[in-house]
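# Descriptive analysis of the structure
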Number of protein chains: 2
Amino acid sequence: MDQFSSVDFSKVDITGGFWADKQKLIRDVTIFSVRDRFADTGRFRAFEFDWTEGSDIPKPHIFWDSDIAKWMESAAFLLQKAPNDELQSQIEHIIDCIEQHQREDGYFNIYHTVVAPKERFRNRDHHELYCLGHLIEAGVAYFNATGRDRLLKLLERYIDLVIRVFCVEHSAGFMTPGHEEIELALFKLYRLRHDKKYLDLAMFFLNERGKKEENDIGWCKSNYNQSHLPVREQREAMGHSVRACYLYSAMADAAKETGDKALLEACRALFDDITRKKMYLTGGIGSSHMGEAFTLPYDLPNDTAYAETCASIALSMFADRMKEIDLDSKYADTVERELYNGVLAGLSLDGKAFFYENPLEINLPDRARHTSVNDSERLPITQRLEVFDCSCCPPNVTRYYAALGSSVFSAGADAILVNQFANCSADIGGAKLRMETNYPLDGTIRLTLTGAKGKRLLIRVPGWCKKSAFSAPHTMQRGYAAFNIDSNSFTLCVEFEMVPTFVHAHPAVRADAGKAALMYGPLVYCLEKIDNKGALFDLIVDAGSTPELRFDAKFGANVITFRGTASSEDESAPLYSDGQSAARREVPVTFIPYYAFANRGETDMAVWIRAE
Amino acid sequence: MDQFSSVDFSKVDITGGFWADKQKLIRDVTIFSVRDRFADTGRFRAFEFDWTEGSDIPKPHIFWDSDIAKWMESAAFLLQKAPNDELQSQIEHIIDCIEQHQREDGYFNIYHTVVAPKERFRNRDHHELYCLGHLIEAGVAYFNATGRDRLLKLLERYIDLVIRVFCVEHSAGFMTPGHEEIELALFKLYRLRHDKKYLDLAMFFLNERGKKEENDIGWCKSNYNQSHLPVREQREAMGHSVRACYLYSAMADAAKETGDKALLEACRALFDDITRKKMYLTGGIGSSHMGEAFTLPYDLPNDTAYAETCASIALSMFADRMKEIDLDSKYADTVERELYNGVLAGLSLDGKAFFYENPLEINLPDRARHTSVNDSERLPITQRLEVFDCSCCPPNVTRYYAALGSSVFSAGADAILVNQFANCSADIGGAKLRMETNYPLDGTIRLTLTGAKGKRLLIRVPGWCKKSAFSAPHTMQRGYAAFNIDSNSFTLCVEFEMVPTFVHAHPAVRADAGKAALMYGPLVYCLEKIDNKGALFDLIVDAGSTPELRFDAKFGANVITFRGTASSEDESAPLYSDGQSAARREVPVTFIPYYAFANRGETDMAVWIRAE
């Protein structure tokens, strides 16, 4: 088992370019917009006041603790990089509320305490341990940012209660959480506190899941929450896709901490099953709204794609952990796919609104036609919203991009790995690394590394890249270009040839048969009707053509669009024929990045275009 | 407007080969099987006994008169070609029942007379005029077969009542039938009796449909029954597809009888709209189970295809009428498509069972997956049944093939047209024509025509045929090869090159994107899993390849299958790539005629196969 550690974002400063712009947006707009919408909807008041039947504050939901926790974690990530009294005092205020409402025995949960006190630890689907997990992550982040551990200490009392109830007394109504999350949070806490009881509790929840005994106490053997098999026996990604990837992330953490080979093998198989059979081009996973779940291999419908933003984040988390225990560029390739597409589409360009579901096609005429059969309820919404009843995605996107620096580098005993590309400087165990690049606008990267003589530098060659050049000799190792650092000041120029390229899906993906999608480097492109004349779904592109690059002011800086040509079949073409139809009209088409879709009102959109 | 008349099947004897076999099946098996199932289900008893609440016979349905009428018409067609005391006495018995139950004023309708006497002519959707139409067709057929007009006379009294109620008193609750049929029946009766009142009544129903006045009396402006526009203004095929094509058939009859150019133009536009945008490769129409209706252009899903057998018959009827007023081979091409595919698939190889819906794909694993969202109720059944609650298709198939001789030839003032190809001899206005062929097993046809010197012989060159040869000089006229007959005994050898060919659908047909279907002459082929290893929907055919012809004993004589090769993508192939995948496995595949599918138990089936 390989052993690398991700370099924490606290050691990585993103200094300009594409990601600096996005982080500025998160810092200046998103964190406050999410906070204000959570305030509007009563989520903060639920921490401040005890809801009672008939009171004039909204009744808390079972997942509101996690909404606030993810917001706190996001704010803590921002505090880590720059002081902000407003955010810090708001976090302190929430901690006050938690302290005040925590029960004598350590229990804390907004919903159960005030709405259903008798159901404490009775209902596996009530998200208590999930909420605790997010609070732990917030506590760890806030401690890292400020050195203050008041929240952590409150939560440690709560965890002691959980250990007693679940591992000693076995008095809970279930054995493992209905929504995984606490497991990976416990690994974070264990790494901070080095107290083995947190590792033990995480391993307890992993080891008990899907065991016969668990099902014997009345919880159905459901793949919805990955309880169909003991985790080491799982090979196919199943069930609710966020739950699944949170579990797999914890399994990867566990493999790293314990060296458990059976867990590593399960993680490898699950990762490959997802990324080779169950993932949209954008990185979206969970193709069905039913159970927000994985379905069959290659079942990837574009118009009804569920592809929850949180699921993309979860897969990115899983992939980022896999790269720590299994050297292979496919993991960071998947993180990159999510960073630029699956997760990024979840956030509007103004930083205020979010998609929960991320379709790869919006066909408004087709929707109108299907309304009569209630297909409409299965179709994703077409415009982002600022808050949802189940508003897990907004704070998840916020914390994801606030801490994206953690995905860039990793380090082993004698190696430094460059997994993602951004304008940044980093301190990696004393070595200083500076990366200058316009990535993803082009593929030129200049690296300067000092204080790492005698180590090896591994640079991921992106999976999309067909031709790369380096200014120093290298060998290839599992998709990484490997360099021996022979001087105290090592400089390297990297060129990843970036050309717009049409890609095809595996022929078993029925939804994409006869279609192609444009990619430019890591970016997936799409067509929106607002930019294109005629019916989007009548267009046919030449998959061998190369659209022309344009910088396009309409989306601000750092956004590349492409101008290509497509043809449109004449209506007079025969319905069935054994040859090529003659009558075609050429039309210009404008491709925009997938992440930028749905920012100019409701309009048809397609990632996959009919192709020849 | 061109003017030709179809040569009635009474003048055409099919003497051997493919269609003689099918007609023998109809005569020996199907006519009796349909009768027995109708007897089992109480349809005959409903004519014999008056149902009353609590009686031990089943309550009649609103369309049972039409079921029995179509059975009588089928039996009369068989009587026309060969005496059969059993069939004739059964028809006479039914006529006795009708005579006995006919009301004083001429009214006759099983359902309304005994179940809902007060609703007589009140509910437009209650099929009274539809049932009368089928009875008229039965009466005409029985008179033609036997010279007996007792049934016709009973019905003529009923029609006089209809004329009084609808055209004189305007006392019915609606103005035109909710299900068209009586119109085309009235044209048949008019041509037999030459009484203008039948023409007038037919024209009344055509002219009133979709007029503002009609909608004013409370019937919604619905395209379900083609009442959205006056018939002469209709250009797009809409609504219930059987209703639609029965209406269009009557419109073509009217154009022929009256020379109405506006009707001709409407018929031409509607025919083209169907066959260029809304018809399956098999000839199936009405792609949605909702309203059994036409949907949008190019919306032709394969697995949920409705494609009712009766709708294929109706389109064939419409096309057969169009060929009488508009010389163009596309009409007889469409009849041929239905004869060999869309209608023929409706009948099992043993002649006893029927499909109501005719899917182009049966994907059992996919069905299993979708059961949870009630998609199952939208999916066609996978095995034929001997009778249905709504059993319109079985007697419709029976009468269609019993009289298929009427589709073969037509004649104008100086021309004889060969529209379909079958081993047969015919008397065409004194000229004798003999056709010898193994069609559709091969494309060789030998014609001998005597007594037609000075006329022209027009032979349809099938739309599927790329290369044809004739033993005499000819010119081409709207898809027909035209010959001047210069001797009293004219002999012609025709060769239509018949090679297995993969066809593609118009790129706007999303369901067929990236797929091809095998055709051999007029026959559409399919794959059934029972003949093929591995997963049917993983196979990829080379659309440029030529499968090898095999006579295959498993389906009896006159059935050709094809053996080809396909490849199956390796599971290890990447989910997304910009090039061809390397890892492929070659597998042999067996294609069977589409009409022969689902005769060996439930199994996956596909007409459209992934192709490259």
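The rules behind each value
- Residues numbered from 1 in each chain as written.
- Chains lettered and ligands numbered in written order.
- Predicted model: local features only at pLDDT ≥ 70, side-chain atom pairs only at ≥ 80, totals over all residues.
- Heavy atoms only, no water.
- Helix = DSSP H or I, 4+ residues; strand = E, 2+ residues; numbered from the N terminus.
- Areas by Shrake-Rupley, 256 points an atom, 1.4 Å probe, with all protein chains shown as cover.
- Lys, Arg positive; Asp, Glu negative; His and termini not counted.
- Charge placed at Lys NZ, Arg CZ, Asp CG, Glu CD.
- Contact = heavy atoms within 4.5 Å.
- Buried area = accessible area lost by both parts, 1.4 Å probe.
- Salt bridge = Lys/Arg side-chain N within 4 Å of Asp/Glu carboxyl O.
- Polar contact = N/O pair within 3.5 Å; in protein donor to acceptor, adjacent residues only side chain to side chain.
- Buried < 20%, exposed > 50% of the residue type's maximum accessible area, 1.4 Å probe, protein only.
- Pairing = 2+ DSSP bridges.
- Least-squares fit on C-alpha atoms with pLDDT ≥ 70 in both.
- Domains from an automatic or database assignment.
- Axes fitted to C-alpha atoms, helices over the stretch in contact; angles between N-to-C directions.
- Expected span 1.5 Å × (residues − 1).
- Disulfide = S-S within 2.5 Å.
- Phe/Tyr/Trp six-rings, centres within 6.5 Å; stacked < 30°, edge-to-face > 60°.
- pLDDT = per-residue confidence, 0-100.
- Parallel < 35°, antiparallel > 145°, perpendicular 65-115°, else oblique.
- Left-handed = near helix turned anticlockwise from the far one by under 90°.
- Nonpolar A, V, L, I, M, F, W, Y, C, P; charged D, E, K, R; others polar.

Summing up its helical and strand segments, chain A has 16 helices and 23 strands in all. If one aligns the C-alpha atoms of chain A with their principal axes, the spans along those axes are about 80 × 70 × 50 Å. Carbon and sulfur atoms form 49% of the exposed surface of chain A, whose accessible area is close to 21500 Å². Measuring between centres, the 70 positive side-chain charges of chain A sit 3 Å from its 87 negative side-chain charges.

Contacts between chain A and chain B engage 51 residues on the former and 51 residues on the latter. Both sides together, the interface formed by chain A and chain B hides about 3900 Å², and carbon and sulfur atoms give 53% of it. When the buried surface of chain A facing chain B is broken down by residue, Arg510(A), Leu575(A) and Tyr576(A) rank first, second and third, together holding 21% of it. Counting across the interface, chain A meets chain B through four salt bridges. Residue Arg510(B) pairs with Glu361(A) through a salt bridge whose shortest N-O separation is 2.6 Å. Here chain A is connected to chain B by 12 residue pairs in polar contact (both at pLDDT 80 or more).

All names here are of chain A. Along strand 5 (residues 415-418), one buried face is formed by Ala415 and Leu417 and the opposite face, lined by Ile416 and Val418, is buried too. With antiparallel pairing between neighbouring strands as the criterion, strand 4 (residues 409-411) and strand 5 make up a hairpin whose turn holds three residues. In this sheet, strand 9 (residues 456-460) lies alongside strand 5 in parallel orientation, the contact comprising four bridges. Across the sheet, Val418 pairs through a bridge with Ile459, a residue of strand 9.

Attention now goes to the relation of the copies chain A and chain B. The transform that puts chain A on chain B rotates by 180° and translates by 0.0 Å along the axis, for an RMSD of 0.0 Å. What we have between these two chains is a two-fold relation. Taking C-alpha positions as the reference, the residue of chain A nearest the rotation axis is Gly514(A), at 2.0 Å. In this assembly the copies share their binding face: 100% of the residues contributing to the interface of chain A also contribute to that of chain B.

Right, let's talk about the domain arrangement of chain A for a bit. Residue and element names in this part refer to chain A. Once the domains are mapped, chain A shows domain 1 (8-27 + 229-364 + 381-406), domain 2 (41-208), domain 3 (410-496) and domain 4 (500-611). Facing the 36 residues of domain 1 at the interface are 32 residues of domain 2. Surface buried jointly by domain 1 and domain 2 totals about 2700 Å² across both partners, of which 63% is contributed by carbon and sulfur atoms. Taken together, domain 1 and domain 2 are joined by five salt bridges.

The next thing to look at is the sheet that holds strand 12 (residues 480-484) of chain A. All names here are of chain A. With mixed pairing, the six strands of this open sheet are ordered in space as 1-4-5-9-12-11. Each having just a single partner strand, strand 1 (5-6) and strand 11 (475-477) make up the two edges of the open sheet. As paired elements, strand 1 and strand 4 share two bridges and run antiparallel to each other. Bridging across to strand 4, Ser6 finds its partner in Ser410. Sheet strands touched by helix 14 (residues 329-342): strand 9 and strand 12. Its angle to strand 9, the strand with the most contacts, is close to 50°.

This paragraph deals with helix 4 (residues 85-101) of chain B. Residue and element names in this part refer to chain B. Taking 1.5 Å of rise per residue, 17 residues should cover 24 Å, and helix 4 covers 24 Å from first to last C-alpha, within 8% of that figure. Every buried residue of helix 4 is accounted for by Leu87, Gln90, Ile91, Glu92, Ile94, Ile95, Cys97, Ile98 and His101. Of the surrounding secondary structure, the elements contacted by the buried residues of helix 4 are helix 1 (17-40), helix 2 (43-48), helix 3 (64-81), helix 6 (128-146) and helix 7 (150-168). The N-capping residue of helix 4, defined by a side-chain oxygen 3.1 Å from the backbone nitrogen of Glu86, is Asn84.

Residues and elements named next belong to chain B. In strand 8 (residues 444-450), alternate side chains face the same way, and those of Ile445, Leu447 and Leu449 are buried while those of Thr444, Arg446, Thr448 and Thr450 on the opposite face are not. Looking at chain direction, strand 7 (residues 431-437) and strand 8 are connected through six bridges and run antiparallel. In the sheet register, Lys432 faces strand 8, and the bridge partner there is Thr450. In this antiparallel pair of consecutive strands, strand 7 and strand 8, the connection spans six residues.

This paragraph deals with the state of the cysteines. Residues and elements named next belong to chain B. Using the criterion set out here, one finds zero disulfides over all chains in the structure. In this model Cys245 remains outside any disulfide bridge; the closest cysteine sulfur is found in Cys267, 10 Å from its own. Not engaged in a disulfide, the cysteine Cys392 finds its nearest cysteine sulfur in Cys310; these two sulfurs lie 3.7 Å apart. Residue Cys392 is classed as buried on the basis of its relative accessible area, which comes to 9%.

We now examine the sheet that holds strand 10 (residues 468-470) of chain B. Residue and element names in this part refer to chain B. Ordered by their spatial adjacency, six strands build an open sheet running 2-6-7-8-13-10, and the pairing between neighbours is antiparallel. The sheet is open, and its two borders are formed by strand 2 (12-16) and strand 10, each paired with just one other strand. The mean inter-strand angle of the sheet, taken between neighbouring strand axes irrespective of direction, is 15°. Bridging between strand 6 (residues 423-428) and strand 7 involves five bridges; their strand directions are antiparallel. Bridge pairing in strand 7 links Cys424 to Met435. Along the sheet face, helix 1 touches strand 2 and strand 6 and points at about 100° away from the line of strand 2.

A word on unusual backbone geometry. Cis geometry marks the peptide bond from Tyr439(A) to Pro440(A); its omega dihedral reads 5°. As for its placement among the helices and strands, Pro440(A) is situated in the loop between strand 7 (431-437) and strand 8 (444-450). Its identity as a non-glycine residue notwithstanding, Ala307(A) has a phi of 45°, on the positive side. A residue is classified by how much of its surface remains accessible, and Ala307(A), at 2% relative accessible area, is buried. For Phe121(B), which is not glycine, the phi torsion reads 55° and is therefore positive. Relative to the helices and strands, Phe121(B) is located in the loop between helix 5 (110-114) and helix 6.

Time to look at the environment of Asn207(A). All names here are of chain A. Along the chain, Asn207 falls in helix 9 (residues 196-208). With relative accessibility at 28%, the residue Asn207 sits in the partly exposed group. Along the chain, Asn207 and Met251 lie 44 residues apart, while their C-alpha atoms are 9.9 Å from each other. In terms of polar contacts, Asn207 uses its side chain to reach the side chain of Arg232, at 2.9 Å.

Turning our eyes to something else, we now look at the packing of aromatic side chains. Any aromatic ring pair is given by two values, namely how distant the centres are and how the planes are angled relative to each other. Residues and elements named next belong to chain B. Across all of its chains, the model carries 66 aromatic pairs over all chains by this definition. Note on Phe18 and Tyr595: the rings are 5.8 Å apart at their centroids and 80° apart in plane angle, and the pair reads as edge-to-face. With Phe18 in helix 1 and Tyr595 in the loop between strand 21 (584-593) and strand 22 (605-606), this pair connects stretches of sequence that are 577 residues apart. For Phe18, a relative accessible area of 5% gives the class buried. Geometrically, the ring pair formed by Tyr594 and Phe597 is stacked, given 5.0 Å between the ring centres and 25° between the ring planes.

Once that is clear, we can look at the confidence of the model for chain A. All names here are of chain A. For chain A, the average pLDDT comes to 93, and 96% of its residues sit at 70 or higher. Ignoring residues within four places in sequence, the model shows residues 372-376, a span with pLDDT below 50, making seven contacts including any to other chains. The complex model carries a pTM of 0.79, and its ipTM stands at 0.85.

With the rule as written, the count across this model stands at 90 salt bridges over all chains. In this structure, Lys188(B) engages Glu137(B) in a salt bridge whose closest nitrogen and oxygen atoms are separated by 2.6 Å. A residue pair is termed long-range when its members are at least 10 positions apart, and Lys188(B) in helix 8 (residues 182-193) and Glu137(B) in helix 6 qualify at 51 residues. Across the salt bridge formed by Asp253(B) and Arg321(B), the nearest N and O atoms sit 3.1 Å from each other. Taken as a pair, Asp253(B) in helix 11 (residues 241-258) and Arg321(B) in helix 13 (residues 309-322) lie far apart in primary sequence, 68 residues in all. As far as the burial class goes, Asp253(B) and Arg321(B) line up, both buried. Via salt bridges that share partners, Glu92(A), Asp96(A), Glu99(A), Arg148(A) and Arg150(A) belong to a single interconnected network.

All names here are of chain A. Running from N to C, helix 3 (residues 64-81) and helix 16 (residues 393-402) cross one another at 20°; their axes reach a closest spacing of 8 Å. With respect to helix 16, the element helix 3 is oriented roughly parallel. The two elements helix 3 and helix 16 cross, and the hand of that crossing is left-handed. In contact with Asp67, Lys70, Trp71, Glu73, Ser74, Phe77 and Leu78 of helix 3, helix 16 contributes Pro395, Asn396, Thr398, Arg399 and Ala402. Classifying every residue of the contact of helix 3 with helix 16 gives five nonpolar, three polar and four charged.

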